[in-house]
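Structural description and commentary
Here is how the chains run, residue by residue.
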Amino acid sequence: MKNSPPGEKQPAGPDASEEVWILRLYVAGQTPKSITAFNNLKKICEDHLAGKYRIEIVDLIKNPKLARGDQIIAIPTLVRQLPPPVKKIIGDLANTERVLVGLDLQPAEMKIK
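Keep in mind the model is a prediction, meaning the values are calculated, not measured. (Residues numbered from 1 in each chain as written. Predicted model: local features only at pLDDT ≥ 70, side-chain atom pairs only at ≥ 80, totals over all residues. Heavy atoms only, no water.)

Some details on the overall build of the protein
Within the protein one finds three helices and four strands. Along the chain direction, N to C, the helices and strands of the protein fall in the order β-α-β-α-β-β-α. Sorting the 113 residues of the protein into buried and exposed places 33% on the buried side. Pairs at least 24 apart in sequence give 58% of the contacts found in the protein among residues at least 6 apart. Carbon and sulfur atoms make up 56% of the accessible area of the protein, which totals about 7,500 Å². (Helix = DSSP H or I, 4+ residues; strand = E, 2+ residues; numbered from the N terminus. Buried < 20%, exposed > 50% of the residue type's maximum accessible area, 1.4 Å probe, protein only. Contact = heavy atoms within 4.5 Å. Areas by Shrake-Rupley, 256 points an atom, 1.4 Å probe, with all protein chains shown as cover.)

Here is the structure:
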């Protein structure tokens, strides 16, 4: 991903390899489950989306009203904002295969050996 000044949008283009994934992780403070979810997400992103992702952490202890926008009912919850469609995964993201399938990074029928 190219380094851009804060607030500057990446140019949209037909090249899907330049597509940026925006992932929002809803947590409630620095609980062990929240920390585990973030660490698992970071590893998955580095392994499968290197240089093409942005993780936003939303702490619902600090901003509880933000849960309403994405209809968050459990935490931690990962929401894939971009690319569409929006996808949600609840839990600590420890099951890598389930997360990859849930984010459409791997077809459901594909098995990890």
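Things to note about the environment of Gly102
Along the polypeptide, Gly102 turns up in helix H3 (residues 96-102). Separated by 22 residues in sequence, Gly102 and Arg80 place their C-alpha atoms 9.4 Å apart. What Gly102 contacts, discounting residues up to four positions off in sequence, is Lys87 and Ile89.

Considerations on helix H1 (residues 32-48)
The end-to-end C-alpha distance of H1 is 24 Å, a good match for the 24 Å that 17 residues give at a rise of 1.5 Å each. Those residues of H1 that are buried lie in contact with strand E1 (21-27), strand E2 (53-59), strand E3 (77-82) and H3. (Expected span 1.5 Å × (residues − 1).)

Concerning the confidence of the model for the protein
In the predicted model, the protein carries a mean pLDDT of 84, and the fraction of residues at 70 or more is 78%. Put simply, helix H2 (residues 66-69) is where the protein has its lowest mean pLDDT, 88, and E1 is where it has its highest, 97. (pLDDT = per-residue confidence, 0-100.)

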